[in-house]
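Working through the structure, step by step
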Amino acid sequence: MYGIYARRPRVVAAVLAVTVVNPVLFSPPDDADAWMTRVVLGERMYYNNRDSRRPVDLLNYVNGPITAYAVYAAYRRRPVRTALFTALSMATKFAFVGYVARYYERNRERFPEDVPAFDRRS
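These lines cover the structure that appears in this document, whether it is placed above or below. (Residues numbered from 1 in each chain as written. Predicted model: local features only at pLDDT ≥ 70, side-chain atom pairs only at ≥ 80, totals over all residues. Heavy atoms only, no water.)

What follows concerns helix α5 (residues 79-107). Between the first and last C-alpha of α5 there are 42 Å, a value that for 29 residues agrees with the 42 Å anticipated at 1.5 Å per step. Those residues of α5 lying buried are Thr82, Ser89, Thr92, Phe96, Val97, Gly98, Tyr99, Val100, Ala101, Tyr103, Tyr104 and Asn107. Tucked inside the fold, the buried residues of α5 contact α1 (2-5), α3 (35-49) and α4 (57-75). (Helix = DSSP H or I, 4+ residues; strand = E, 2+ residues; numbered from the N terminus. Expected span 1.5 Å × (residues − 1). Buried < 20%, exposed > 50% of the residue type's maximum accessible area, 1.4 Å probe, protein only. Contact = heavy atoms within 4.5 Å.)

This part takes up unusual backbone geometry. Residues other than glycine seldom take positive phi values, yet Arg7 does so here, at roughly 60 degrees. Here Arg7 is to be found in the loop between α1 and α2 (9-25). Here the phi dihedral of Arg77 falls at roughly 55 degrees; this positive angle occurs in a residue that is not glycine. Here Arg77 shows up in the loop between α4 and α5.

Before going further, it helps to spend a moment on the nonpolar core. Residues Met45, Tyr46, Phe96, Tyr99, Val100, Tyr103 and Tyr104 are the most contacted members of the largest nonpolar core, which totals 15 residues. Going through the elements one at a time, α3 and α5 are the ones with two or more residues in this core. With seven residues, the single largest contributor to this core is α5. Val100 has contacts with Arg38, Val39, Gly42, Glu43 and Tyr46, leaving out every residue within four places of it along the chain. (Core = buried A, V, L, I, M, F, W, Y, C linked by side-chain atoms within 4.5 Å.)

In this section: the environment of Arg78. Checked against the element boundaries, Arg78 lands in the loop between α4 and α5. Overall, Arg78 belongs to the partly exposed group, its relative accessible area being 27%. Sequence separation between Arg78 and Arg121 is 43 residues; the distance between their C-alpha atoms is 51 Å. Residues within four places of Arg78 in sequence aside, it is in contact with Tyr5, Tyr69, Tyr72 and Ala73.

Here it is as structure tokens:
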């Protein structure tokens, strides 16, 4: 948001470049000790086994428009709205990823087919 707000195209380009190359910068995990690993595994498990929409899905549905408005507010240089909607965007995303990380921990035994070999308990 800073790059958009401050009209710093190099900052925006750097953020976009890191976002694009991030998945290939790191090797696959060896275990599920890292919280972000549990987030990725939990999101996969959640979507593979979701039988209906749940209230937590609303977080993802509202995140898109909130983020879009934050970008718009930054472009229009509205600092309070930029800060507020960026914070709301982050809060909704962190609430969702926190949920799927806990979902993974709670449902490992229930859906063992979604647990990678490196995280199977003997």
